[in-house]
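Chain by chain, the residues run as shown.
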Amino acid sequence: MFLRLQVRVQQLFRTSSNDLISFIAEKEGFLSHYERDQMAYDPVPTIGYGVVVYPGDIFYNSLTKNEAYAWLVKEVNEGAYTSAVNRFSKNNNINQYQFDALVSFSYNLGTGWTYGGWDIYDLLTSYSDLNHVNQTKLVNTFAVYHHAGGQLYWGLYYRRIEMHMRRRKYPC
């Protein structure tokens, strides 16, 4: 007599790498006090390393770099960014680098792209394994998102390209 076992494999919940957190901190820059992000379409208050402060959030000015970095780690890994990318990637084979790149993109532009209606969504969902995405098309699609507040920002353009170039450090 054979015993039939049913095994259910649970989807791995990824978190962002330390390299990504450092990358975001470097690109966002440090603010010890509350300030409106003028690059946002609708200027929002931010503090620390680009953490958005929503109405009703409790925060205080005069953050230290260590406090701001800890808040960034929590915001990226426990906020909507990693959960949205985990949800989006559940049907895709992605590696840590690819996960980090999508979280970085989400931190910068929001998670709305994970629901569809964006060129990047259409490109990424046309492949079940992101290692087979046409790299030139991928870079060009990411690079389109380099405007903020209706203006071109070369820093955003280079941020998109640099995140792609860091891929060379990671195996695919």
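Throughout this document, residue positions are counted from 1 along each chain, in the order its sequence is written. Totals for whole chains, interfaces and linings use all residues, but because this is a predicted model, local features are given only for residues with pLDDT of at least 70 and pairs of side-chain atoms are given and counted only at 80 or more. Side-chain measures here rest on the full set of heavy atoms in the structure, leaving out hydrogens and waters.

Turning next to the nonpolar core. The definition of a nonpolar core used throughout is a set of buried Ala, Val, Leu, Ile, Met, Phe, Trp, Tyr and Cys residues joined through side-chain atoms within 4.5 Å. Exposed residues in this analysis have more than 50% of their type's maximum accessible area, buried residues have under 20%, and partly exposed residues fall in between, with area computed by a 1.4 Å probe over protein chains only. Counting residues in each nonpolar core, the largest one holds 31 residues, and the members touching the most others are Leu72, Leu102, Trp113, Ile120 and Leu124. Breaking this core down by element, the ones donating at least two residues are α1 (18-28), α2 (65-78), α3 (80-88), α4 (96-109), α5 (119-125) and α6 (135-143). Ignoring anything within four residues of it in the chain, the contact list for leucine 124 reads Phe88, Asn92, Leu102, Trp113, Leu130 and Leu138. Numbering of helices and strands runs from the N terminus; a helix is a DSSP stretch of H or I covering at least four residues, while a strand is a stretch of E covering at least two. Note on contacts: a residue pair qualifies if any of its non-hydrogen atoms lie within 4.5 Å across the two residues.

Now for a nonpolar patch on the surface. Within the patch definition used here, like charges are joined within 9 Å and nonpolar side chains (Val, Leu, Ile, Met, Phe, Trp, Tyr) within 5 Å, considering only residues with over 30% relative accessible area and no salt bridge. The method behind every accessible area is Shrake-Rupley, applied with a 1.4 Å probe, and residues are considered shielded solely by the protein chains displayed. Think of a salt bridge as a Lys or Arg side-chain nitrogen and an Asp or Glu carboxyl oxygen that are within 4 Å of each other. On the surface, Leu152, Trp154 and Tyr158 cluster together to form a nonpolar patch covering roughly 350 Å² of accessible area. Positionally, tyrosine 158 belongs in helix α7 (residues 154-165).

Let us look at α1. Where α1 is concerned, the buried positions are Leu20, Ile21, Phe23, Ile24 and Ala25. Downstream of α1 by one or two residues, glycine 29 has phi in the positive range, about 80 degrees.

Neighbouring strands of a sheet are bound in pairs by backbone hydrogen bonds; such pairs are parallel or else antiparallel. In this description, strands pair whenever DSSP reports at least two bridges between them. Pairing is antiparallel in the open sheet, where 3 strands are placed in the order β1-β2-β3. Every other strand in the sheet has two partners, leaving β1 (31-37) and β3 (51-52) as the edge strands with one partner each. Bridge count for strand β2 (residues 44-48) against β3 is 2 bridges, and the pairing is antiparallel. Within β3, the residue paired with threonine 46 across the bridge is valine 52.

Another aspect to go through is the packing of α3 against α4. Note on geometry: axes are lines fitted to C-alpha atoms, helical ones only across the stretch in contact, with angles between N-to-C directions running from 0 to 180 degrees. Interhelical geometry of α3 versus α4 gives an angle of 130 degrees and a closest axis separation of 9 Å. Considering the angle they form, α3 stands oblique to α4. For α3 against α4, the interelement crossing comes out right-handed. Taken together, the residues of α4 that come into contact with α3 (itself represented by Tyr81, Thr82, Val85, Asn86 and Phe88) are Phe99, Leu102, Val103, Ser106 and Tyr107. Amino acid classes used here: Ala, Val, Leu, Ile, Met, Phe, Trp, Tyr, Cys and Pro are nonpolar; Asp, Glu, Lys and Arg are charged; the rest, including Gly, are polar. Grouping the constituent residues of the contact of α3 with α4 by class yields 7 nonpolar, 3 polar and no charged. In this scheme, roughly parallel covers angles under 35 degrees and roughly antiparallel covers those over 145, while 65 to 115 is roughly perpendicular and the rest are oblique. Left-handed is the label given to a crossing in which the near helix is rotated counterclockwise from the far helix by less than a right angle, and right-handed is the label when the rotation is clockwise.

Quick look at unusual backbone geometry now. In this structure, serine 62 takes a positive phi of about 70 degrees despite not being glycine. Within the secondary structure layout, serine 62 lies in the loop between β3 and α2.

Another aspect to go through is the environment of histidine 33. Here histidine 33 shows up in strand β1. Histidine 33 gets classed as partly exposed once you look at its relative accessible area, which sits at 34%. Sequence separation of histidine 33 and phenylalanine 59 is 26 residues, and the distance between their C-alpha atoms is 9.6 Å. Among residues more than four places away in sequence, those in contact with histidine 33 are Thr46, Ile47, Asn61 and Ser62. Under this definition, polar contacts are N or O atom pairs within 3.5 Å; protein pairs additionally need one hydrogen-donor-capable and one acceptor-capable atom, and for neighbouring residues in sequence, both atoms have to be side-chain atoms. Reaching out from histidine 33, the side chain makes a polar contact with the side chain of glutamate 35 at a distance of 3.3 Å.

Read these as geometric descriptors, not functional statements.
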